[in-house]
Amino acid sequence: MEDNVKPAVAVVKCERYSDCFDYVKKTVDMLGGIGKFVRAGDRVVIKPNLVSRKNPDEAATTHPAVVKAVCELVKAAGGEAVIAESPGGAYNAAVLRSVYSGCGMDKAAEEGGAKLNYDTSFSETPIPDGKTVKSLAVIEPILKADVVISVAKLKTHAMTSYTGAVKNLFGAVPGTHKAELHFRLNEREAFCSMLLDLCGFIKPSLSIIDGVWGMEGNGPTAGKNRHMGLIMASENPYALDLTASRVIGYTPEEVPTVRQSLERGLTVRVPEILGGSIDSFIVPDVEKPESHFNLLKILPLPSALNAAVTNMFSARPEIDKSVCVGCGECMRCCPPRAIKMKNKRPEIDKGRCIKCFCCQELCPKRAVKIKRPLANRLMLKILK
């Protein structure tokens, strides 16, 4: 980021999805208008958060009304809009068709004048400026795009605390390659550093966050719907995430992608807010994930003890067998292969579990819960 340049973040209140076109357009106009980002003839990839096949009312995925609004803006600027995503799990045309349909993207594309991507090819791509990774598999539509617009969902996240513009781009990594990255980069700091490397490579021209309805608690898919009434946008995805995470009650130090973006000089701690005072947009008392509590930040220990104490106090996934239907999706998506099916029900090998919470994120029945060990719960009560 250039010295003395404050990135701008546009924030507006939007109470209902039926009104969202006007407010999406308003945020983009605050930043200079869609013509600043899209020229006639540009191939524009619109990248929503479609983590899995979820009904839009579950607030786990970007709402189709917001995606439709972006498609319409791109079309008005003369661009060719393509909605593209690699959801969690397998990456093939059948999965994409199911996810697009379930998340309402087929209708958004039809009404917004966009195409749905079914090209499932990808390439191992050099990331020359990466601090944690020097190459990544990236889906072809992203690589072929003239312009990438990230359209994220405002949510808490069990592994990364918060998910927004930067984390949304993890969907540019195809299918099972996501699991490989979770396994290889199983420490949260390293994983979040990789996300910044990926975002720096893709360089989205514009990032938008759907915060009309968001998710609190055990996000990104098993939390609670929360009406937040906001649409946010910025040219700088790092400034956008800093602002959006602050709106839901996080400090920069609590969100690794935000803290690391500040350390790398990718944004400033106080970006310019367009649309009003940041305090006027704060959503009070947003519930954090149960995995959020980190004893090591409160009681720093010698590094030799970190692994043992982390294991003792860290939250971990647990199967609620009263809800589980035995579909096996958690087993299929588990990066370290820590889940096996026994008597048609999953069992988690705690010794192999890396606490990435992919099972919790992708369980279609919300049967994977976040469990705090007794020592963790007792310490939290003491500290409260």
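If you look the protein chain up in an unreviewed UniProt entry, it shows as Ferredoxin from Candidatus Ornithomonoglobus intestinigallinarum. If you open the UniProt record of the protein chain and go to Function (unreviewed entry), you find "Ferredoxins are iron-sulfur proteins that transfer electrons in a wide variety of metabolic reactions."

Asks: In this structure, what is going on with the overall build of the protein chain? I would like to understand it.
Replies: Along the protein chain, the regular secondary structure elements total 15 helices and 15 strands. By residue count, 57% of the 384 residues in the protein chain fall in the buried class. Sequence-distant contacts, at least 24 apart, represent 74% of the contacts inside the protein chain between residues at least 6 apart. A total accessible area of about 16100 Å² is found for the protein chain, and carbon and sulfur atoms account for 52% of it.

Asks: How should I be thinking about the environment of arginine 352 in this particular structure?
Replies: By the secondary structure assignment, arginine 352 is in the loop between strand 14 (345–348) and helix 14 (358–362). Here arginine 352 falls in the partly exposed class, since its relative accessible area comes to 45%.

Asks: It is not clear to me how the pattern of salt bridges should be interpreted in this structure. Could you clarify?
Replies: A side chain with one charge can pair with a side chain of the opposite charge if their charged atoms come near. One pass over the structure, following the stated rule, counts 19 salt bridges. One salt bridge in this structure joins aspartate 119 and lysine 144, with 3.9 Å as the shortest N-O distance. One end of the pair, aspartate 119, is in the loop between strand 4 (115–116) and strand 5 (122–126); the other, lysine 144, is in helix 5 (residues 140–144), with 25 residues separating them in the sequence. Judged by its relative accessible area of 47%, lysine 144 falls in the partly exposed class. Via salt bridges that share partners, Arg43, Glu80 and Lys115 belong to a single interconnected network.

Asks: Help me understand the pairing of strand 9 (residues 206–216), please; the structure alone is not making it clear to me.
Replies: In summary, the side chains of a regular strand alternate between the two faces of the sheet. Within strand 9, 10 of the 11 residues are buried, which leaves the element mostly enclosed by the surrounding structure. Of the strand pairs in this sheet, strand 7 (residues 147–157) and strand 9 are connected by six bridges, and their pairing is parallel. Residue pairing across strands places serine 150 opposite serine 207, the latter belonging to strand 9. Where strand 9 and strand 10 (residues 224–234) come together, nine bridges link them in antiparallel fashion. Following the sheet pairing, glycine 211 is matched in strand 10 by leucine 230.

Asks: How should I be thinking about unusual backbone geometry in this particular structure?
Replies: Glycine aside, negative phi is the norm for most residues, and most peptide bonds take the trans geometry. Proline 220 follows glycine 219 through a cis peptide bond whose omega is 20°. Along the polypeptide, proline 220 turns up in the loop between strand 9 and strand 10.

Asks: Whenever I open this one, helix 2 (residues 64–76) confuses me. Can you help?
Replies: In an α-helix, one turn spans 3.6 residues, which is why side chains three or four residues apart end up on the same side. If you check helix 2, its first and last C-alpha atoms are 18 Å apart, about what 13 residues at 1.5 Å a residue would give, namely 18 Å. Looking at the residues trailing helix 2, positive phi occurs at glycine 78, about 90°.

Asks: What should I look at first to understand the pairing of strand 1 (residues 8–13) in this one?
Replies: Summarising the sheet, strand 1 and strand 11 (residues 272–274) pair through three bridges and their orientation is parallel. By the bridge assignment for strand 11, alanine 10 is matched with leucine 274.

Asks: For this particular structure, what's the right way to read the nonpolar core?
Replies: The nonpolar side chains of a soluble globular protein tend to be buried, and buried together. Of all hydrophobic cores here, the largest spans 79 residues; its most connected members are Val38, Ile46, Ile149, Met194 and Ile208. A per-element tally of this core places helix 2 first, with eight residues. Membership of the second largest hydrophobic core comes to 24 residues, among which are Leu230, Ala244, Val255 and Phe281.

Thresholds, definitions, all that
- Residues numbered from 1 in each chain as written.
- Predicted model: local features only at pLDDT ≥ 70, side-chain atom pairs only at ≥ 80, totals over all residues.
- Heavy atoms only, no water.
- UniProt positions renumbered as here; feature names shortened; annotations may be inferred.
- Helix = DSSP H or I, 4+ residues; strand = E, 2+ residues; numbered from the N terminus.
- Buried < 20%, exposed > 50% of the residue type's maximum accessible area, 1.4 Å probe, protein only.
- Contact = heavy atoms within 4.5 Å.
- Areas by Shrake-Rupley, 256 points an atom, 1.4 Å probe, with all protein chains shown as cover.
- Salt bridge = Lys/Arg side-chain N within 4 Å of Asp/Glu carboxyl O.
- Pairing = 2+ DSSP bridges.
- Expected span 1.5 Å × (residues − 1).
- Core = buried A, V, L, I, M, F, W, Y, C linked by side-chain atoms within 4.5 Å.

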